[in-house]
Amino acid sequence: MKKTQQQGIKYAPAVRRKLRKAIYDFHVRAFGEEMARVNHLPLAARRRYIGEMVDHATRMGVKSDKPALGVTT
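Given a rise of 1.5 Å per residue, 19 residues ought to cover 27 Å, and the 26 Å separating the end C-alpha atoms of helix H1 (residues 13-31) matches this to within 8%. Within two residues after H1, Gly 32 carries a phi angle of roughly 100°, on the positive side.

This is the structure we're talking about:
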């Protein structure tokens, strides 16, 4: 079976810029400036950056013996 490609809506460049800015502004409000910038990096660069953050935290003594549940309590 062939995989079908999604047919996305073709927006004008000005509309794409406006949408991208709206998404970026939402990410700034939700996650802060640094993570908003990271969220807009290409996937490979984003994974590399997150890996560097984890390595830095480990070097600074942050323990990761508890599982990451996504909940802060």
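Let us keep going from here.
A cluster of nonpolar side chains, Ile 9, Tyr 11, Val 15 and Leu 19, forms an exposed patch at the surface whose accessible area comes to about 380 Å². Along the chain, the position of Ile 9 falls in the segment before H1. On the accessibility criterion, Ile 9 (64% relative accessible area) is exposed.

One turn of the α-helix equals 3.6 residues, which is why residues spaced by three or four share an orientation. With 17 residues, helix H3 (residues 43-59) should cover 24 Å at 1.5 Å per step; its first-to-last C-alpha distance of 24 Å lies within 8% of that length. Taken from the residues just after H3, Gly 61 is the one with a positive phi, measuring 100°.

Reading guide: rules and limits
- Residues numbered from 1 in each chain as written.
- Predicted model: local features only at pLDDT ≥ 70, side-chain atom pairs only at ≥ 80, totals over all residues.
- Heavy atoms only, no water.
- Helix = DSSP H or I, 4+ residues; strand = E, 2+ residues; numbered from the N terminus.
- Expected span 1.5 Å × (residues − 1).
- Patch = residues over 30% accessible without salt bridge, like charges linked within 9 Å, V, L, I, M, F, W, Y side chains within 5 Å.
- Areas by Shrake-Rupley, 256 points an atom, 1.4 Å probe, with all protein chains shown as cover.
- Salt bridge = Lys/Arg side-chain N within 4 Å of Asp/Glu carboxyl O.
- Buried < 20%, exposed > 50% of the residue type's maximum accessible area, 1.4 Å probe, protein only.

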